[in-house]
2 protein chains.
Amino acid sequence: MRLSRYFLPVLKETPGDAQIVSHQLMLRAGLIRQTAAGIYAWLPMGHRVLRKIEQIVREEQDRAGAIELLMPTIQSADLWRSSGRYDAYGPEMLRIKDRHNREMLFSPTAEELFTQIFENGARSYRDLPRMLYQIQWKFRDEVRPRFGVMRGREFLMKDAYSFDIDFAGARHSYNRMFMAYLRTFARMGLHAIPMRADTGPIGGDLSHEFIVLAPTGESEVFYHENWEKGRDTSGVDADDPAALEAFIDALNADYAATDEKRDLALEAEAGSALKQSRGIEVGQVFYFGDKYTKAMGVTVQGPDGTTITPEMGSYGIGVSRLMGAIIEASHDKDGIIWPDAVAPFKVALLNLRADDAACAAAADALYARLEAAGVEVLYDDRDERGGAKFATADLIGVPWQLVVGPKGVAAGTVELKRRGAGTREELSVDAAVAQLTA
Amino acid sequence: MRLSRYFLPVLKETPGDAQIVSHQLMLRAGLIRQTAAGIYAWLPMGHRVLRKIEQIVREEQDRAGAIELLMPTIQSADLWRSSGRYDAYGPEMLRIKDRHNREMLFSPTAEELFTQIFENGARSYRDLPRMLYQIQWKFRDEVRPRFGVMRGREFLMKDAYSFDIDFAGARHSYNRMFMAYLRTFARMGLHAIPMRADTGPIGGDLSHEFIVLAPTGESEVFYHENWEKGRDTSGVDADDPAALEAFIDALNADYAATDEKRDLALEAEAGSALKQSRGIEVGQVFYFGDKYTKAMGVTVQGPDGTTITPEMGSYGIGVSRLMGAIIEASHDKDGIIWPDAVAPFKVALLNLRADDAACAAAADALYARLEAAGVEVLYDDRDERGGAKFATADLIGVPWQLVVGPKGVAAGTVELKRRGAGTREELSVDAAVAQLTA
């Protein structure tokens, strides 16, 4: 993509109303623009990152055996009355009347609708277990939206729902999602700690929040220092319920809890290994048994002809919020440092002298070569000073910067900078292309 | 995907409330379920087709130089007041009050918001031309939603907006989108005819609707029989304004108009070449000059320091509606016949005897081979009779059916059926795999 033809409105000044660094950088780097309180437009660069995050979430959901579908955003109040939540949900639910004065709402979550759709397609125990999910926009009418996409009103969420014939099955589904979450966040370069959590308006007996440590986080969290190590999930067979349960139990033997779920006895046990921080919730998993299936009268036929009320869990990831969490975890004074897996482009190609024919020809040729090799390149071909181009490249945080200048063009070399480490290397054009296409 | 683990609730009976064949087949084949009047859940198979259609639309938008971003669904009434449309739009706009009693709405289209976002990022004539687009859910509160996704309330739409410094530029942008639409619909196996059309609530001077002929279409249409031939767009250089204009003018020399735009003199001229049919609108392009930029006070600086009010166009494609249009155009008495480019799976692999160990082993092996080769396979491994499996495969309309039965397994052969043509071939397993992976 040539920057001269792109739409990247970066800001020189930090907007005054943005309190936390991810919000400031998302505005400055031209990722988002606020269009109403807690509601954002995703500009082209922000949209690219959002799609990368979404795709990682999708791949790990698919790998866990979940099946993707898509629910509408607007749902009927009657559906939510069938579980008793229409009256219980409170003012965060955006309630709507259509032209025929029918009561509708913008879905803040979708337990009821998934339960109804599941019932429509499942007849017997042979139709279970099933895990269904969607990646869809939700709306929660926060009383005081703030921190940009971290506590917005319209947000992109992955929500999955599991249906099992008994507790053992439901527990296995819970564990599979638990594992999928560990893998999902690790792929984005995030270290997320699962913590026992309250179940809130979803209800249920068992819940973990996945929390990324950050000083700007909304929750205070307490955890054993063992959690600061990475966790290797590669050797675990997620299809083996006993092996998976053992792995997750071993993980959870190390204490980790949010403020609401502290256990002072366990904290005392941890002693000097106990750490305290603030954290950002990026996902939550719930087991709630037959809360919704029972309320909505959903049953399937068992092997012996009896009726079974399926056991459920639900599993959310804040897809748009993750962009903020990643930036909180990965930035410096100059701007964003995107982890490779979610970067909007792999390379920023900077032509330092757009007015120099030899430079422009060399940069054009490099751009064509990288594009032909399938590398995602943002080519700064604008008629701007080198300093402005470096500043923009640092701000937007693309992992590699490939710099074409007059001296290098004369010598047949380019400079390759790694944004995160700040390392620079002068190398031949071929060597640079080889490194970026490896 | 193993059907025994998938979520595909097909219906044996045609639902009584579905009047047109695409609606009937989308319900029967387990693509959608109605969740409220004019609002649908996209089941896993429907979701797959939706994503394929969306991706073709996206690729042709990108090819036309449009840049993708994403706007929120919920917008402020004040934004719509800035163009005067908040009061003008009528009851199809879903109006909402949030918890602070602020007036909001669910976006039925997005001229205002794109204009505002464009203004935010464009300063001078150097920032033009730009074409921005999104693929996002819209809501129009139809008084009488019907025909399934063809006239639903919540629907997926691609909407693009062009910004140019003068009429010549705007006309070129219009032509580029016109060309992109021809290519988009052709890639989906649709023959869409562009027809001069009314501009409706978008406003403006020039508009074409792209119409797929179908007896169930909502509009009556009149066209020269030349339109029944395909149009070869491959040789046209869309970057050359004059060449592109000449190509499109030559196309439009053949008469084609919707009911509202009939020209009886031109129809008389066409004589016996004039055809009459009904049609389904799948896209519409508008040129409306400075209608929104002027109302909203949007200017950029010209080369000579003067201010320029950009000229705009907008360009919609009904992404979810396209699924219905494709089915209207491609089905038979047994079910859907998906064009290859949008099929949810490439192959339905049918094991006719799930209770026969040799059959099951052969089918399992074929499934593994095709999956490893990256072929999208729906493997009917259920314990069902062959007749039921054939009927399901025909209903869901996957382009190829690969049939494993006991006689073939003994002889080392399988049967390969092409769903559309109905042709069947007995061939070796290797030959079948070679054909499906070619």
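Everything numeric here is computed off the predicted structure, so don't read it as measured data.

What counts, and at which threshold
- Residues numbered from 1 in each chain as written.
- Chains lettered and ligands numbered in written order.
- Predicted model: local features only at pLDDT ≥ 70, side-chain atom pairs only at ≥ 80, totals over all residues.
- Heavy atoms only, no water.
- Helix = DSSP H or I, 4+ residues; strand = E, 2+ residues; numbered from the N terminus.
- Rg over C-alpha atoms; globule rule 2.2 N^0.38 Å.
- Buried < 20%, exposed > 50% of the residue type's maximum accessible area, 1.4 Å probe, protein only.
- Contact = heavy atoms within 4.5 Å.
- Lys, Arg positive; Asp, Glu negative; His and termini not counted.
- Charge placed at Lys NZ, Arg CZ, Asp CG, Glu CD.
- Phe/Tyr/Trp six-rings, centres within 6.5 Å; stacked < 30°, edge-to-face > 60°.
- Lys NZ or Arg CZ within 6 Å of the ring centre and 35° of its normal.
- Domains from an automatic or database assignment.
- Buried area = accessible area lost by both parts, 1.4 Å probe.
- Salt bridge = Lys/Arg side-chain N within 4 Å of Asp/Glu carboxyl O.
- Polar contact = N/O pair within 3.5 Å; in protein donor to acceptor, adjacent residues only side chain to side chain.
- Pairing = 2+ DSSP bridges.
- Axes fitted to C-alpha atoms, helices over the stretch in contact; angles between N-to-C directions.
- Nonpolar A, V, L, I, M, F, W, Y, C, P; charged D, E, K, R; others polar.
- Least-squares fit on C-alpha atoms with pLDDT ≥ 70 in both.
- Parallel < 35°, antiparallel > 145°, perpendicular 65-115°, else oblique.
- Left-handed = near helix turned anticlockwise from the far one by under 90°.
- Expected span 1.5 Å × (residues − 1).

### Focus: the overall build of chain A
Part 1: Along chain A, the regular secondary structure elements total 14 helices and 23 strands.
Part 2: Over its C-alpha trace chain A gives a radius of gyration of 25 Å, about what one expects of a compact globule, namely 22 Å for 438 residues.
Part 3: When its C-alpha atoms are laid out on the principal axes, chain A stretches across 80 × 60 × 40 Å.
Part 4: By the burial criterion, 58% of the 438 residues in chain A qualify as buried.
Part 5: Within chain A, contacts between residues separated by at least 24 positions form 71% of all contacts whose residues are at least 6 apart in sequence.
Part 6: Here chain A contributes 52 positive and 63 negative side-chain charges, whose respective centroids are spaced 5 Å apart.

### Concerning the packing of aromatic side chains
Part 1: Counting across every chain of the model gives 29 aromatic pairs over all chains.
Part 2: Connected via pairs of aromatic rings, a cluster forms that spans Phe106(A), Phe139(A), Phe106(B) and Phe139(B).
Part 3: Sitting over the face of the ring of Phe222(A), Arg262(A) holds its NZ or CZ atom 3.6 Å from the ring centroid.

### Comments concerning the domain arrangement of chain A
Residues and elements named next belong to chain A.
Part 1: In terms of domains, chain A is made up of domain 1 (3-336) and domain 2 (345-437).
Part 2: Spacing between the C-alpha centres of domain 1 and domain 2 amounts to 38 Å.
Part 3: Taken together, the two surfaces of domain 1 and domain 2 that pack against each other cover about 1300 Å², and 59% of this comes from carbon and sulfur.
Part 4: Looking at the side of domain 1 facing domain 2, the largest losses of area belong to Leu 3, Arg 48 and Ile 336, adding up to 40% of the total buried there.
Part 5: For the interface between domain 1 and domain 2, the tally reads 3 salt bridges.
Part 6: With a closest N to O distance of 2.5 Å, Glu 376 and Lys 52 form a salt bridge.
Part 7: Scanning the region where domain 1 abuts domain 2 turns up 8 residue pairs in polar contact (both at pLDDT 80 or more).
Part 8: With 3 residues, the single largest contributor to the side of domain 1 that touches domain 2 is helix α2 (residues 44-63).

### Comments concerning the sheet that holds strand β5 (residues 94-97) of chain A
Residues and elements named next belong to chain A.
Part 1: What the 3 strands build is an open sheet, ordered β4-β6-β5; its pairing is antiparallel. Edge strands, defined here as strands with exactly one partner in the open sheet, are β4 (74-76) and β5. Here the average twist between neighbouring strands, direction ignored, is 40 degrees.
Part 2: Note: β5 against strand β6 (residues 103-106), 4 bridges, orientation antiparallel. Bridge pairing in β6 links Leu 94 to Phe 106.

### Let's talk about unusual backbone geometry
Residues apart from glycine generally show negative phi values, whereas peptide bonds are mostly found in trans.
Residues and elements named next belong to chain A.
Part 1: With an omega dihedral of -10 degrees, the bond running from Leu 128 to Pro 129 counts as a cis peptide bond.
Part 2: The residue Pro 129 is located in the loop between α5 (111-121) and β7 (130-139) in this model.
Part 3: In this structure, Asn 101 is a non-glycine residue whose phi angle is positive, near 70 degrees.
Part 4: In this structure Asn 101 comes out as exposed when scored by relative accessible area, which is 53%.
Part 5: You will see that Phe 147, though not glycine, has its phi angle at about 60 degrees, which is positive.

### Things to note about the interface of chain A and chain B
Part 1: Contacts between the two partners involve 55 residues from chain A, matched on the other side by 54 residues from chain B.
Part 2: The three residues of chain A that bury the most area against chain B are Phe7(A), Leu70(A) and Arg99(A), which together make up 16% of that side's buried surface.
Part 3: Where chain A packs against chain B, one counts 2 salt bridges.
Part 4: The interface formed by chain A and chain B includes 20 residue pairs in polar contact (both at pLDDT 80 or more).
Part 5: Mapped by element, the contributors of at least two residues to the side of chain A that touches chain B are β1 (32-36), β2 (39-42), α2, β3 (67-68), β5, β6, α5 and β7 of chain A.
Part 6: Partitioned by chemical class, the residues of the side of chain A that touches chain B number 31 nonpolar, 8 polar and 16 charged.

### Observations concerning the sheet that holds strand β21 (residues 400-404) of chain B
Residue and element names in this part refer to chain B.
Part 1: The strand order β20-β19-β21-β22-β23 describes an open sheet built from 5 strands, whose pairing is mixed. The open sheet is flanked by β20 (377-380) and β23 (424-428), the only strands paired with a single partner. Ignoring which end each strand starts from, the neighbouring axes of this sheet average 25 degrees apart.
Part 2: Here strand β19 (residues 347-351) runs beside β21; their pairing, made up of 5 bridges, is parallel. Bridge pairing in β21 links Ala 348 to Gln 401.
Part 3: Strands β19, β20, β21 and β22 (413-418) of the sheet are contacted by helix α12 (residues 386-396), whose axis makes an angle of about 175 degrees with β19.

### Observations regarding the environment of Ile117(A)
Part 1: One can find Ile117(A) in helix α5.
Part 2: Sequence-wise, Ile117(A) and Leu132(A) are 15 residues apart; in three dimensions their C-alpha atoms are separated by 9.9 Å.
Part 3: Not counting chain neighbours up to four residues away, the residues in contact with Ile117(A) comprise Met71(A), Phe7(B), Arg33(B), Thr35(B), Ala41(B) and Leu43(B).

### A closer look at the side chain of Glu60(B)
All names here are of chain B.
Part 1: Tracing the sequence through the fold places Glu 60 in helix α2 (residues 44-63).
Part 2: Relative accessible area serves as the criterion here: at 4%, Glu 60 is assigned to the buried category.
Part 3: In contact with Glu 60, other than residues within four places in its own chain, are Ala 180, Arg 183, Thr 184 and Arg 187.

### Thoughts on the relation of the copies chain A and chain B
Part 1: With an RMSD of 0.0 Å, the fit of chain A onto chain B corresponds to turning through 180 degrees and sliding 0.0 Å along the axis. The transformation just described matches what one would write down for a two-fold rotation axis. In terms of C-alpha distance to the rotation axis, chain A has Ile96(A) as its closest residue, with the C-alpha 2.9 Å off the axis.
Part 2: Of all interface residues in chain A, 98% are interface residues in chain B too; the two copies therefore contact each other through one and the same surface.

### With respect to helix α12 (residues 386-396) of chain A
Part 1: What α12(A) keeps buried is the set Gly386(A), Lys389(A), Thr392(A), Ala393(A), Asp394(A), Leu395(A) and Ile396(A).
Part 2: Taken from the residues just after α12(A), Gly397(A) is the one with a positive phi, measuring 75 degrees.

### Some points on the environment of Leu352(B)
Residues and elements named next belong to chain B.
Part 1: When you line up the elements, Leu 352 lands in the loop between β19 and α11 (357-372).
Part 2: Separated by 31 residues in the primary sequence, Leu 352 and Asp 383 have C-alpha atoms spaced 8.9 Å apart.
Part 3: The contacts of Leu 352, once residues within four sequence positions are left out, are Glu 384, Gly 386, Phe 390, Val 403, Val 404 and Gly 405.

### Here's the deal with the packing of α2(B) against helix α6 (residues 167-187) of chain B
Helix packing geometry: the angle between the two helix axes and the distance between the axes.
Residues and elements named next belong to chain B.
Part 1: The N-to-C vectors of α2 and α6 enclose an angle of 150 degrees; their axes lie 9 Å apart at closest approach. The pairing of α2 with α6 is recorded here as roughly antiparallel in orientation. With respect to the hand of their crossing, α2 and α6 are arranged in right-handed fashion. Along the contact surface, α2 presents Ile 56, Val 57, Glu 59, Glu 60, Gln 61 and Arg 63, while α6 presents Arg 176, Met 177, Ala 180, Tyr 181, Arg 183, Thr 184 and Arg 187.
Part 2: For the contact of α2 with α6, the class distribution of residues is 5 nonpolar, 2 polar and 6 charged.

### Here's the deal with α2(A)
Part 1: In this model, α2(A) (20 residues) spans 29 Å end to end at C-alpha, consistent with the 28 Å of a helix rising 1.5 Å per residue.
Part 2: Once α2(A) finishes, Gly65(A) follows within two positions and takes phi at roughly 90 degrees, a positive value.

### Remarks on the pattern of salt bridges
All names here are of chain A.
Part 1: The full count for this structure, using the stated rule, is 68 salt bridges over all chains.
Part 2: Between Glu 54 and Arg 58 there is a salt bridge; the shortest N-O distance is 2.9 Å. One end of the pair is Glu 54 and the other is Arg 58, both in helix α2 and 4 residues apart, which spans about a single turn.
Part 3: Of the residues examined, Arg 58 reaches a relative accessible area of 13% and is grouped as buried.
Part 4: Put simply, Glu 103 and Arg 81 hold a salt bridge, and the shortest N to O gap is 2.6 Å. Residue Glu 103 is located in strand β6, and its partner Arg 81 is located in helix α3 (residues 77-81); the two are separated by 22 residues in the primary sequence.
Part 5: Overall, the relative accessible area of 33% leaves Glu 103 in the partly exposed class.
Part 6: Linked through salt bridges whose partners overlap, the residues forming this network are Arg 51, Glu 54, Arg 58 and Glu 68.

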